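Report on the structure
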Amino acid sequence: MERESEAVPTSITFGRRFTVETLAFNPDSQTITIGIGQGIEHPPVNGDQLWDISSDALLARMSHEQQIKAVAFSHDGRWLATGGADSLVHVWGLRTYR
C-alpha cells in the first residue's frame, strides 16, 4: 500500500493584518491571488494581491472601493477577474496589471 505524501505548509506573511476573503491559484501554478478585505489598518485596505509562489514576491496590488468577495483566473492565466462588495467586477490583464 502506497503512503500518501504529506503536504508541507508554506505561508505568505503580510506586513500588516488583513482579512483574507478569497484566493485562487493561477493555472500556471506559479502565482496566487489573494482577495483581501478590511483589516486593522487605518484607512482600511481593500483589494487584491498577486504573489509569486516560488519567491514569495508581491507582484501587484489591485484595488476596489470595498472588500474583494471573489477572484478567478481565466483558463489561459492571462486575465484575472475580481468582484467586490462594491458590486463591481474588474478584469485585469496580468501582463500589465491594468
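Summary of the structure given here. Because the structure is a prediction, the values reported are computed rather than measured.

Considerations on the layout of surface pockets
Of the voids in this model, the second largest pocket is the one considered here, and its volume is about 160 Å³. Along the walls of the second largest pocket sit 11 residues, with Asn-26, Asp-28, Gly-77, Arg-78 and Leu-94 positioned nearest its centre. Taken together, the residues of the lining of the second largest pocket sort by class into four nonpolar, three polar and four charged.

Here's the deal with the sheet that holds strand β3 (residues 47-52)
Sheet architecture is open: four strands sit in the order β1-β2-β3-β4, paired in antiparallel fashion. If you trace the sheet from one side to the other, it starts and ends with β1 (19-25) and β4 (57-63), each paired once. The sheet shows a mean angle of 20° between the axes of neighbouring strands, direction not considered. Two strands pair when backbone bridges link them, and β1 and strand β2 (residues 31-37) are joined in this way by six bridges, in the antiparallel orientation. Counted as the bridge partner of Leu-23 is Ile-34 from β2.

What to know about the sheet that holds strand β6 (residues 79-84)
Spatially, the three strands line up as an open sheet ordered β5-β6-β7, and their pairing is antiparallel. Looking at strand neighbours, the two that pair on one side only are β5 (68-73) and β7 (89-93), the edges of this open sheet. Sheet twist, expressed as the mean angle between neighbouring strand axes with direction ignored, is 20°. Where β6 lies against β7, five bridges are found, and the strand directions are antiparallel. Note on β7: the bridge partner recorded for Gly-83 is Val-89.

As for the nonpolar core
Core analysis: the largest hydrophobic core is formed by 10 residues, namely Ala-24, Leu-50, Ala-60, Met-62, Ile-68, Val-71, Phe-73, Leu-80, Trp-92 and Leu-94. Contributions of two or more residues to this core are made by β4 and β5. Ranked by the residues each element gives to this core, the list is headed by β5, at three residues. Sequence-distant contacts of Ala-24, that is, excluding residues within four places in its chain, are made with Thr-31, Ile-32, Thr-33, Val-71 and Phe-73.

Cut-offs and rules
- Residues numbered from 1 in each chain as written.
- Predicted model: local features only at pLDDT ≥ 70, side-chain atom pairs only at ≥ 80, totals over all residues.
- Heavy atoms only, no water.
- 1 Å grid on protein atoms, 1.4 Å probe; cavity = no way out; pocket = protein on both sides within 12 Å on 5 of 7 lines; lining within 4 Å.
- Points joined across faces, edges and corners; volume = space filled by probe spheres on them.
- Nonpolar A, V, L, I, M, F, W, Y, C, P; charged D, E, K, R; others polar.
- Pairing = 2+ DSSP bridges.
- Helix = DSSP H or I, 4+ residues; strand = E, 2+ residues; numbered from the N terminus.
- Axes fitted to C-alpha atoms, helices over the stretch in contact; angles between N-to-C directions.
- Core = buried A, V, L, I, M, F, W, Y, C linked by side-chain atoms within 4.5 Å.
- Buried < 20%, exposed > 50% of the residue type's maximum accessible area, 1.4 Å probe, protein only.
- Contact = heavy atoms within 4.5 Å.

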